[in-house]
Amino acid sequence: IKDKIKETFFSGKLQRKTVIREIAYKITLENIKNIPVNITLEDAVPVSRNDRISVKDLKISPEPTEKDYQSKEGVMVWKLDLRPKERREISIEFTLTYPNDIPDPLL
């Protein structure tokens, strides 16, 4: 629902261009059956393994049932019970910051 890119310049000994990317997305689950269903949803958020890339301001709603699922950093699981025709949304937002000389880390 949001992918906003902003570039900044830092002055000092080195001038470098940094990309600040604000990302938000929503996952919609809907039970279209006439009976209740149990759903297990697994999703992941980016985790930096490079000191030049940072992931900040992570907001998740509702909170996952389990974080770092099966010892995998950034992997989350929601276990949900949906009544017939019920719809639920999961929102995830974060800010990704990285130097311009690094290709898009989300690809």
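Peer 1: Break down the nonpolar core for me, citing the residues and quoting the values.
Peer 2: Membership of the largest hydrophobic core comes to 14 residues, with the highest contact counts inside it found for L29, L41, M76, W78, L80, I90 and I92. Of all the elements in the fold, those that place two or more residues in this core are β2 (16-30), β3 (37-44), β6 (75-82) and β7 (87-99). Looking at this core, the element that brings in the most residues is β6, giving four residues. Of all hydrophobic cores here, the second largest spans five residues; its members include V19, I53, L96 and I102.

Peer 1: Please set out the environment of V55 residue by residue, giving values where relevant.
Peer 2: The topology assignment puts V55 in strand β4 (residues 54-61). Along the primary structure V55 and E42 are separated by 13 residues, whereas in three dimensions their C-alpha atoms are 20 Å apart. Filtering out sequence-adjacent residues up to four positions away, V55 remains in contact with P46, S48, F94, T95 and L96.

Calculation notes
Residues numbered from 1 in each chain as written. Predicted model: local features only at pLDDT ≥ 70, side-chain atom pairs only at ≥ 80, totals over all residues. Heavy atoms only, no water. Core = buried A, V, L, I, M, F, W, Y, C linked by side-chain atoms within 4.5 Å. Buried < 20%, exposed > 50% of the residue type's maximum accessible area, 1.4 Å probe, protein only. Helix = DSSP H or I, 4+ residues; strand = E, 2+ residues; numbered from the N terminus. Contact = heavy atoms within 4.5 Å.

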